[in-house]
Amino acid sequence: MNIHSRSPVRSASGTGRRYSSVAIILHWATALLVISMIPMGWWMVRAIDKPGTQQVAYQLFQVHKSIGFAILALTLLRIVWRLTHPVPALPAGMKGWERLLARITHVAFYGLLLAIPLTGWVYVSAGWAIGTDRPLMVATSWFGLFAIPHLPGLEGMRSLAFGAMGAHAYMAYGGALLIGLHVAAALKHHFLDRDGVLAQMLPFLRGTNHDDHHAPAGMALLPRSAGIAFVMLIGVVGCWLHLPDPRADIPIAAENAAPAAVSVSVSPVASASAEEASATAWTIDKAASSIHFGGTHAGKTFDGHFDEWNGDIRFDPANLAGSKAVITVATISAKTGDATQEGSLKNGEWFNSARFPEARFETSSFKSLGGDRYEADATLTIKNKTIPLILPFTYKPQGDTAAVEGNVELDRAALDLGMFSDPAAEWVSKIIKVRIAVTARKR
Ligand code: HEM
């Protein structure tokens, strides 16, 4: 169907003088959102590197992506509406070139409203930050409500990320110019030509029923091609100007590369066994136990925990040699209360949950520090990195139950966590504090 042919003017409301209410709402909602996005995008890419504004800019990135997806959805809806509902005609008094320009502008707007969000989506799916020229996979959640998946197969594509963001920026600023022209033309129609064109898109002014009916046959092809060519031209120029210097891509080691075909949406059931130890066996009261982790992200502290974990604990202060604890954690169950952080944590350079579903803590020996204080010599394995760990903890027995509490600081660099995007800990603190609180009953 031809979206630019003009049928005899009958809008959905039947007046023929103005766009239908749905078209008016979609137009102004999109306009307001797009107008907010351009200064927001401009500001956030400059503010993200400055310590004073980094935190706000980080939040704005998420808002920007969410509004961008809302614009994409509204545009798709709008195109469907436009294809299925007639629109008011252009005034008969308009010159040929004015009509052509108006039609080209309208096609270009639809093209930009699709291409700008899509190039943004490609950029975030490639997971490569052009500012730092390093991999950076940040999850997208729509206003924190639900996750929006990345486009598949693009992860780690450096040149694509640069090109997509070049096109994104050029098309956004090109779109800003077009909005300026569009507004100027609407004001000219309203104040100089007084032909009621602006009123057709305003709910509170009376539109004019123009007598100009159809665009001549064949006209539609020209504005359509010219509008699409305009969008493609800005996109290609932006993409080409932003292509990075060719250099060897930073190789992604196996432990940081997520397997393409594995779904990470299902938590594995963690298993743990310390069967060989002879000391008293304990059953963990999961409701009264927790594993927390915390640090700072973009200048703000976060406190996370794991929802799914399991432990086999054999412990007796009188039989430390026969004591052992193995705890396994489903890394995909990490929760921080921030959907973007949670989505990012399961990615390749963090936990890489698809490839390495479990983290494992295993003690090798225990030592008494006096009173209720003990120390466990242990190893911690996350992905395929194993580090030695000393966990100091308190053990407080009461009848058949006991409460154990331990705190340890982990260096995420040693565990190769987030070392692609943030090796200098500019975003996420290098030290992650882990707090284990276990209440258990003798088996
Ligand atoms: C019509 C919708 C959109 C408009 C008008 C828009 C506009 C902009 C603008 C003007 C910039 C700044 C470019 C610069 O100065 O370098 C920008 C950056 C950005 N946009 Fe959008 N955007 C839209 C949709 C989206 C969507 C849907 C996404 C992602 C799903 C997105 C992701 C980004 C990101 C990540 C950046 C920052 C790139 C960086 O430097 O790291 N945008 N956008």
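Predicted, not measured: the structure shown is a model, and the values here were computed from it.

About the cut-offs
Residues numbered from 1 in each chain as written. Predicted model: local features only at pLDDT ≥ 70, side-chain atom pairs only at ≥ 80, totals over all residues. Heavy atoms only, no water. Salt bridge = Lys/Arg side-chain N within 4 Å of Asp/Glu carboxyl O. Helix = DSSP H or I, 4+ residues; strand = E, 2+ residues; numbered from the N terminus. Buried < 20%, exposed > 50% of the residue type's maximum accessible area, 1.4 Å probe, protein only. Near = heavy atom within 4 Å. Polar contact = N/O pair within 3.5 Å; in protein donor to acceptor, adjacent residues only side chain to side chain. Nonpolar A, V, L, I, M, F, W, Y, C, P; charged D, E, K, R; others polar.

Turning our eyes to something else, we now look at the pattern of salt bridges. Inspection of the entire model under this criterion finds nine salt bridges. Notably, a salt bridge pairs Lys367 with Glu375, separated by 3.5 Å at the nearest N-O pair. For the salt bridge of Asp422 with Arg412, the shortest nitrogen-to-oxygen distance reads 3.1 Å. Highlighted residues: Asp422 in the loop between strand E14 (401–411) and strand E15 (431–442) and Arg412 in the loop between E14 and E15, separated in sequence by 10 residues. Residue Asp422 is classed as buried on the basis of its relative accessible area, which comes to 3%. Under the relative-accessibility criterion, Arg412 is labelled buried at 1%.

By nearness alone, 24 residues border the ligand, and Arg46, His64, Tyr123, His168 and Tyr173 come closest of all. Contact between the ligand and His168: a nitrogen atom at 2.8 Å from a side-chain N or O atom of the residue. When contributions to the shell around the ligand are tallied by element, the ones reaching two or more residues are helix H1 (21–47), helix H2 (54–84), helix H3 (96–126) and helix H4 (158–193). With seven residues, the top contributor of residues to the shell around the ligand is H1. When the residues that make up the shell around the ligand are grouped by side-chain class, the tally is 17 nonpolar, five polar and two charged.

Taken by themselves, the reported measurements are silent on function.
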